[in-house]
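Take a look at the letters that make up each chain.
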Amino acid sequence: MPGFHAPAFWGRRTRGLLVLVPLLLACVIASLGTGAVSISPTQVISILFEQVGLPRLTDFTPQQAAVLQAIRLPRVCMGVLVGAALAVAGAALQGLLRNPLADPGLLGVSGGASVAVAAVTVFNLRVLGTFTVPVAAFLGSLMAILVVSSLAHENGRTNVAMMLLCGIAINALCVSCTGLFTYLSTDDQLRILAFWQLGSLAGATWTSVSALAPLVLVCVVGMTWLANPLNALLLGESNARHLGIPVERLKWTIISLVALGVGAAVAVSGMIGFIGLMVPHLVRLSLGSNHRALLPLSTLLGASLLVLSDLVARTVVIPSELPIGIVTSLAGAPFFLYLLLRQRRLHTP
Amino acid sequence: MALARSGVAVMQKLAMLLPLVSAVLMSSPVRAEPVKGIDGRTVEVAVPKRVVAVNSALVEILFALGKGDTVVGTDVAGTYPPALEKIAKVGHPYHPSVEGIISLTPDVVVASEENMPSATAEQLRSAKLPVLVLENSSKDGVEGLKRRISQLARLYQVPEAGQRMIQDIDTRLGALQKKIAAVKKKPRILFLYAHGPGEAFVYGRDTGVHVLIELAGGQNAADFTTGTKVLTAEGMVQASPDAIILLHRGLKAVGGPEGVLKMPGVALTPAGQQRKIFAVDDTIRWVGPRFPQFADTLFNDLHATPRP
């Protein structure tokens, strides 16, 4: 039956795309043009044109070109990638665990990464040079997720409630281990840890962006691929199994994809709260919970919001800048509360 | 009248000469002096006119060299000289903002090693900004300070001014040494880094604080090398300092000397019993050119005859 589920659903996803694709583009362009060094939109375009050999529309200084190419462009790219990874992972996890509170942090992603970063910082490990901290963060989050998932595994099945509880316990353990390392750290190390935990895209370079991009791409494409099975899972595990969904394999795939995308994002940007929790909710509140719309739209909205937050972080205290984690939570939390309260008012007679 | 007219004529001639003179001045080549940073990277800047300096001790050196008017940006930690208030701030001393620095269009960025993460330096360099990274500001005490002074003096091509600063430091420290030799006592001094009455950190030996204590003829009562430790009552009693020092803002935050006496264990130490609690400058974590004065003040505080 072609077109059986069509009208309402296609309408929603298309509507969402029509709003969110231009939004992301607007955020990217605004972010590229705004900052401590001013570059007008036409100058942005001219600089990009010159890169590919097209004639420039207007004049710009070599300094503006250098800032755009070496600092702002990789930074905006990283914002898009990190925001997309955090949001799509949040959306998929909320679907998988059938719990609206689930976000990547809950499964130990950020906790495990913190412990690993604290450990390499305090023990002064520099085996991989500047890549030591990112690689440690990635491995730490991967480890934590693997521990949580295997603890929740019983009789060949993953118990979802167990997974949430184990996540909470492992996170508590991670917090105290991080605390222990913080206590042992010297002044310099303490500062590194403190800034890492507030999150920042300031360290973005083309090297880190090109390391991050393939991982996030696999995560986003993979998740979107799994939209139908995730929809089936909304009916409950046994129903999904009756529909022929390999539930166990689905769980492991999603958890691996979360570890991949979010682990990589946390590694390059530190801890950035609230995007993974808030963005899927925003999409769901306005467009429903069909994963075929939810996953791609969350990706777009997450990318837009993170680019926007970074723009705020870079510009509110020019020529200084704020850590981005402060911005996402400071702006995100009240807005999220407002949406929840409005939702409740709409649904109570 | 005639005198006045001839005066005008002379002025006119001079005015005609002016462009010529300035052209000669402008064209005289200003050679760049290569200065090598601690990270092995050399900068070559023909006498900097705009500099962003991250680290309050470096800013003080620049002002002392008479180059304060070239400082167009710095971090938020500096408090001296007062002219700093009007200078743009590029963020936390340990986390300066890359784009913020670039937006100030400096000729060169100077920073202490601890205030310039290598990734940040690379980003600045990729935007074609020369970055001079100098030694860690607490490494090697006054000797390190002198090296940083002569490097900055070289960057600005005023080696004599640097020499004069270094001599001044030596003279002051020499005078202080004589005073120290006369008392023959090495008081045990503990530094508390406090933000409020509730908590404080003790600083170890690897810090600017330690340099100051030694210069003032004391010994650091903290027995550990690197980093900081949370103050505990028993730790305080065990350290048993003869004097306790805090930053001015720290002393204010805990409520003055009375507040310090109420902190864990302090009342049981010689410092607490004799109320030897002193404030030191807020920037002493970075060894700077005013250290001889700070050390002298601290020495005088330590050995002042107690009031009855």
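Residues numbered from 1 in each chain as written. Chains lettered and ligands numbered in written order. Predicted model: local features only at pLDDT ≥ 70, side-chain atom pairs only at ≥ 80, totals over all residues. Heavy atoms only, no water.

Some details on the domain arrangement of chain B
Residues and elements named next belong to chain B.
- When its domains are assigned, chain B resolves into domain 1 (35–168) and domain 2 (184–303).
- Taken together, the 19 residues of domain 1 in the interface contact 13 residues of domain 2.
- Carbon and sulfur atoms make up 63% of the surface buried where domain 1 meets domain 2, a total of about 1,200 Å² over both sides.
- The largest share of the area that domain 1 buries against domain 2 comes from E60, S138 and L145, three residues that together contribute 32% of it.
- Taken together, the links from domain 1 to domain 2 amount to one salt bridge.
- Across the pair E60 and R290 runs a salt bridge, and its minimum N-O distance is 2.7 Å.
- Between the two partners, domain 1 and domain 2, sit four residue pairs in polar contact (both at pLDDT 80 or more).
- Elements represented by at least two residues in the side of domain 1 that touches domain 2 include exactly α2 (56–64) and α5 (141–155). (Domains from an automatic or database assignment. Contact = heavy atoms within 4.5 Å. Buried area = accessible area lost by both parts, 1.4 Å probe. Salt bridge = Lys/Arg side-chain N within 4 Å of Asp/Glu carboxyl O. Polar contact = N/O pair within 3.5 Å; in protein donor to acceptor, adjacent residues only side chain to side chain. Helix = DSSP H or I, 4+ residues; strand = E, 2+ residues; numbered from the N terminus.)

Focus on the nonpolar core
- Core analysis: the biggest nonpolar cluster contains 121 residues, and V82, I254 and V258 of chain A together with I102 and L124 of chain B have the highest contact counts within it.
- A total of 21 residues in this core trace back to one element, the largest contributor, which is helix α3 (residues 62–96) of chain A.
- Among the nonpolar cores identified, the runner-up in size contains 55 residues, and L62, I149, L173 and I245 of chain B belong to it. (Core = buried A, V, L, I, M, F, W, Y, C linked by side-chain atoms within 4.5 Å. Buried < 20%, exposed > 50% of the residue type's maximum accessible area, 1.4 Å probe, protein only.)

Let's talk about the sheet that holds strand β5 (residues 88–89) of chain B
Residues and elements named next belong to chain B.
- The parallel open sheet is built from five strands, whose spatial order is β5-β4-β3-β6-β7. Two strands lie at the open edges of the sheet, namely β5 and β7 (131–134), each paired on one side alone.
- When strand β4 (residues 71–74) meets β5, the two strands line up parallel, connected through two bridges. When the bridges of β5 are listed, T74 appears paired with K89. (Pairing = 2+ DSSP bridges.)

Topic: the pairing of strand β6 (residues 108–112) of chain B
All names here are of chain B.
- A large share of β6 lies buried, amounting to five of its five residues.
- By the alternation rule, side chains of β6 split into V108, V110 and S112 and V109 and A111, which are all buried.
- Where strand β3 (residues 51–54) meets β6, four bridges bridge the pair, whose relative direction is parallel. When the bridges of β6 are listed, V51 appears paired with V108.
- Pairing between β6 and β7: four bridges, direction parallel. In the sheet register, S112 faces β7, and the bridge partner there is L134.
- For the crossover that starts at β6, traverses helix α4 (residues 118–126) and ends in the parallel β7, the hand is right-handed. (Right-handed = clockwise from strand over helix to strand, strands pointing away.)

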